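# Examining the three-dimensional arrangement
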Amino acid sequence: MERRLAAILATDVVGYSRLIGIDEEGTIAALQALHAEQIEPLVAGHKGRIFKLMGDGMLAEFPSVVDAVRAAVALQEALAAHNAALPEDKRIALRAGVNLGDVVVEGDDIHGDGVNIAARLEGLAPPGGLCISAGVHEQVRDRLGLGFEDLGEKVVKNIVRPVRVWQWRPGAGDAEADVPSPAPADKPSIAVLPFDNMSSDPEQGYFSDGITEDIITEVSRIPEVMVISRNSSFTYRGKAAKVQEVCRDLGVRYVLEGSVRKAGARVRITAQLIDGQSGAPLWAERYDRGLEDIFAVQDDVTEQIVRALEVKLVGSLESLEARQPTQNPEAYDCVLRGREQYRLFTREGNAAARRLFERAVALDPGYGEPYAGLAETYVQDWFMGEESTLERAFALAQEATQRDPALPLVQEALSTVHLFSRQHEAAIATARRWIELEPSNAEAYATLAGALHFAGTNEEIVALVETAMRLNPHYPFYYPHYIGLAHLGLRRVDAAVAAFERAAARSPEALWPHVFLAACHGHQGKSDEASAQRAEVLRINPAFSVASLFKLLPYKNPADADLLTDGLGKAGFEV
């Protein structure tokens, strides 16, 4: 079996089934002509080789990532020029993805994860656009003068680890040069990078990630310190990034980095706090402890950070209470494994997470966090269509609160359950309580923003989301989406469109920005734009219907729901 490193380009026709339904013979003939006249010459001209055709898709191999990206961009630009002279229903648009990875060569065919990731990247790209992996971006960022937007880490189907994705869109300039660095914080600011897994077993990565996350949570409780979100700091996992670059990109002064080595019942943790301006270490420590002492280690790291930053706490260092949420190391291990499975956001991962959280409860019934984790799994089941799980989630969240009233994690589940049970004031109060408990958690501000919108209170939302974006610079699509919701709730349709477009650009496969864009364009009387967004909605979810929409959109005020329904009707949906 031959293996080699290769740059793989994957392309796919947007809305192929719709085009075939309109004109099967004409679409096939047009696609064949496009391959002969545009695609094949461009691939060959950039030293590439097409090794697989799949009806509406193509896979090509290149010896250089620069050539692969140049070919992809040239292809999209040539196709845009070709389409400009055609009526809209005759245009063929492509999505493209490029990945650099290890591949398996079998005759003329190539397969393996290197190819699979390229195909997943293609699926994330906007029509006429391109998505590339972090490895490709590292190779081309200073060579091609193209503007790529960082979409952060994405969980993609059948790939174990999240993939960091960068996106190019037609007409983009040097986007990286145009993106300002985050504004300086008005208090000590820190990013906790994912601790390296130094164990002999690479599968122990969940443990080092869990230690990192718990340290982030503990420091996030301190109002006098600004802490970057896990979602943003974890984009540096496995990367040899310079501390000064991390500080510049995330807008922080300090970085905490370290490593974890777990062997049997013993664990060795190293931690080092670095000043991003001078590059000098402010504090470093190594801990060799038993697993039963893991929370004492986390508390000590938090205290040392506070001392090194010379943070003047409200009160004193003694206000950082020592924690011992469980004395059972196996229960804690189950919680860390459960978190890893839950974040896959799949049915299988959710089921595995639930089994692990249930095991933790059995090992230590007084441990609060596994109850909160279980509540989250039942909320996720509800989003996946299980009708009766909100009540179970609420009961488990209350169990968690009884055992650990200051546990921030449970507030997320409680706020979500209250919101989708139409208990709007309780949802808002719970989200505000989460912010009190963990003032540097970006998701707490986003959760409050969502609860306020559906309660019909939109004036506070933009400021809340901007705070979330500052804490999580690699923010997900729903942050700008919430800004769009706020503008729509305030009847500022043009501003809402701009925000929803930003959301769609960050995650082209996310359904909701396209739903709301369709409604907004309907209100604007822009029939072509509304039809295009309606087509995107039905491409992403062919079973979408307005009738089932409001189960997932818990509006308190009928006028807000009617505004969306009316816009979707004008966009061509059956209402």
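### Some words on the overall build of the protein chain
From N to C terminus, the protein chain includes 23 helices and 14 strands. Taking 2.2 N^0.38 as the reference for a compact globule, 575 residues should give roughly 25 Å; the C-alpha atoms of the protein chain span a radius of gyration of 25 Å, in line with that estimate. By principal-axis analysis of the C-alpha atoms, the protein chain measures approximately 75 × 60 × 45 Å. In the protein chain, which comprises 575 residues, the proportion classed as buried is 53%. Accessible surface computed for the protein chain: about 24,900 Å², of which carbon and sulfur atoms make up 50%. Each charge sign in the protein chain was given a centre, from 58 positive and 82 negative side chains, and these centres are 1 Å apart.

### Things to note about the pairing of strand β13 (residues 266-275)
With 10 bridges joining them, strand β12 (residues 254-263) and β13 adopt antiparallel strand pairing. Across the sheet, the residue bridging to Glu-257 is Gln-272, located in β13. A loop of 2 residues connects β12 with β13, the two strands running antiparallel in sequence, and Gly-264 in this loop sits at a positive phi of about 60°. Of the strand pairs in this sheet, β13 and strand β14 (residues 281-290) are connected by 9 bridges, and their pairing is antiparallel. Its bridge partner lying in β14, Ile-269 is registered against Tyr-287. Joining the antiparallel neighbours β13 and β14 is a turn of 5 residues, in which Gly-279 adopts a positive phi near 75°.

### A few points about the environment of Pro-170
Take Pro-170: it is sitting in the loop between β8 (163-168) and α6 (175-178). Look at Pro-170 and you get partly exposed, because its relative accessible area is 48%. In contact with Pro-170, not counting residues within four places along its chain, are Gly-128 and Gly-129.

### Description of the nonpolar core
By size, the foremost hydrophobic cluster in this structure holds 126 residues, and its most contacted members are Ile-190, Phe-207, Leu-256, Ile-269, Val-301, Phe-516 and Leu-568. Per-element accounting of this core gives the leading share, 9 residues, to helix α17 (residues 442-454). Core analysis: the next-biggest nonpolar cluster, separate from the first, contains 34 residues, Ala-7, Leu-75, Leu-94 and Trp-166 among them.

### A word on the packing of helix α11 (residues 329-342) against helix α12 (residues 347-363)
Between α11 and α12, whose axes approach to 8 Å, the crossing angle comes to 165°. Judged by the angle between their axes, α11 and α12 are roughly antiparallel. The crossing of α11 and α12 is left-handed. Here Glu-330, Ala-331, Cys-334, Val-335, Arg-337, Gly-338, Arg-339, Gln-341 and Tyr-342 of α11 come into contact with α12, specifically with Gly-349, Asn-350, Ala-352, Ala-353, Leu-356, Phe-357, Arg-359, Ala-360 and Leu-363. When the residues that make up the contact of α11 with α12 are grouped by side-chain class, the tally is 10 nonpolar, 4 polar and 4 charged.

### Some thoughts on the packing of aromatic side chains
Within the structure shown, the criterion is met by 14 aromatic pairs. Centroid distance Phe-477 to Tyr-478: 5.7 Å. Interplanar angle 85°. Geometry classified as edge-to-face. Overall, the relative accessible area of 18% leaves Phe-477 in the buried class. Taken together, the ring pairs in this structure connect Tyr-475, Phe-477, Tyr-478, Tyr-479 and Tyr-482 into an aromatic cluster. Sitting above the plane of the Tyr-371 ring, Arg-403 keeps its charged end 4.2 Å from the centroid. Residue placement shows Arg-534 over the ring face of Phe-573; its charged tip is 5.5 Å from the ring centre.

### Side note on the pattern of salt bridges
In a structure, side chains of opposite charge can pair up when their charged atoms sit close to one another. Per the stated rule, a full pass over the model turns up 31 salt bridges. Of the charged contacts in the structure, one is a salt bridge between Arg-506 and Glu-149, with a shortest N-O distance of 2.9 Å. Of this pair, Arg-506 sits in helix α20 (residues 493-506) while Glu-149 sits in strand β7 (residues 149-154), and the two are 357 residues apart along the sequence. Owing to a relative accessible area of 26%, Glu-149 belongs among the partly exposed residues under this scheme. Salt-bridge contacts for Asp-566 lead to Lys-570; the nearest nitrogen and oxygen are separated by 3.3 Å. Here Asp-566 and its partner Lys-570 are both found in helix α23 (residues 558-570), 4 residues apart, which amounts to about one turn of the helix. The exposure class assigned to Asp-566 is partly exposed, which follows from its relative accessible area of 37%. Each of Glu-213, Asp-214, Arg-230, Arg-339, Arg-343 and Glu-369 takes part in one network of salt bridges that share partners.

### Quick word on unusual backbone geometry
Although it is not a glycine, Lys-47 sits at a positive phi angle of roughly 70°. By the secondary structure assignment, Lys-47 is in the loop between α2 (24-45) and β2 (49-53). Positioned with a positive phi, Phe-345 is a non-glycine residue whose angle comes to about 55°. Within the fold, Phe-345 resides in the loop between α11 and α12.

### Comments concerning the side chain of His-514
The residue His-514 is located in helix α21 (residues 511-524) in this model. Residue classification places His-514 among the buried positions, given a relative accessible area of 6%. Those residues in contact with His-514 that sit more than four places away from it in its chain are Ala-504, Pro-508, Gln-533, Glu-536, Val-537 and Ile-540.

### Let's talk about the confidence of the model for the protein chain
Of all residues in the protein chain, 95% have pLDDT values of 70 or greater, and the mean over the chain is 87. Considering only residues more than four positions removed or in separate chains, one finds that residues 173-179, a stretch of pLDDT under 50, has 10 contacts.

### Looking at the environment of Phe-195
Secondary-structure assignment places Phe-195 in the loop between β9 (189-192) and β10 (196-197). Judged by relative accessible area, which is 3%, Phe-195 ranks as buried. Spatially, the C-alpha atoms of Phe-195 and Tyr-475 are 21 Å apart, while their sequence positions differ by 280 residues.

### A word on the environment of Trp-434
By secondary structure assignment, the location of Trp-434 is in helix α16 (residues 424-437). What makes Trp-434 buried here is its relative accessible area of 2%. In the structure, Trp-434 is positioned 269 residues away from Val-165 in sequence and 30 Å away in space, judged by C-alpha atoms. Apart from the residues lying within four places of it in its own chain, the contact partners of Trp-434 are Pro-408, Gln-411, Glu-412, Asn-441, Glu-443, Ala-444 and Thr-447.

### Let's talk about helix α13 (residues 368-383)
The first and last C-alpha atoms of α13 sit 24 Å apart over 16 residues, in line with the 22 Å expected at 1.5 Å per residue. α13 sits mainly inside the fold: 15 of its 16 residues count as buried.

So, how was this worked out
Residues numbered from 1 in each chain as written. Predicted model: local features only at pLDDT ≥ 70, side-chain atom pairs only at ≥ 80, totals over all residues. Heavy atoms only, no water. Helix = DSSP H or I, 4+ residues; strand = E, 2+ residues; numbered from the N terminus. Rg over C-alpha atoms; globule rule 2.2 N^0.38 Å. Buried < 20%, exposed > 50% of the residue type's maximum accessible area, 1.4 Å probe, protein only. Areas by Shrake-Rupley, 256 points an atom, 1.4 Å probe, with all protein chains shown as cover. Lys, Arg positive; Asp, Glu negative; His and termini not counted. Charge placed at Lys NZ, Arg CZ, Asp CG, Glu CD. Pairing = 2+ DSSP bridges. Contact = heavy atoms within 4.5 Å. Core = buried A, V, L, I, M, F, W, Y, C linked by side-chain atoms within 4.5 Å. Axes fitted to C-alpha atoms, helices over the stretch in contact; angles between N-to-C directions. Parallel < 35°, antiparallel > 145°, perpendicular 65-115°, else oblique. Left-handed = near helix turned anticlockwise from the far one by under 90°. Nonpolar A, V, L, I, M, F, W, Y, C, P; charged D, E, K, R; others polar. Phe/Tyr/Trp six-rings, centres within 6.5 Å; stacked < 30°, edge-to-face > 60°. Lys NZ or Arg CZ within 6 Å of the ring centre and 35° of its normal. Salt bridge = Lys/Arg side-chain N within 4 Å of Asp/Glu carboxyl O. pLDDT = per-residue confidence, 0-100. Expected span 1.5 Å × (residues − 1).

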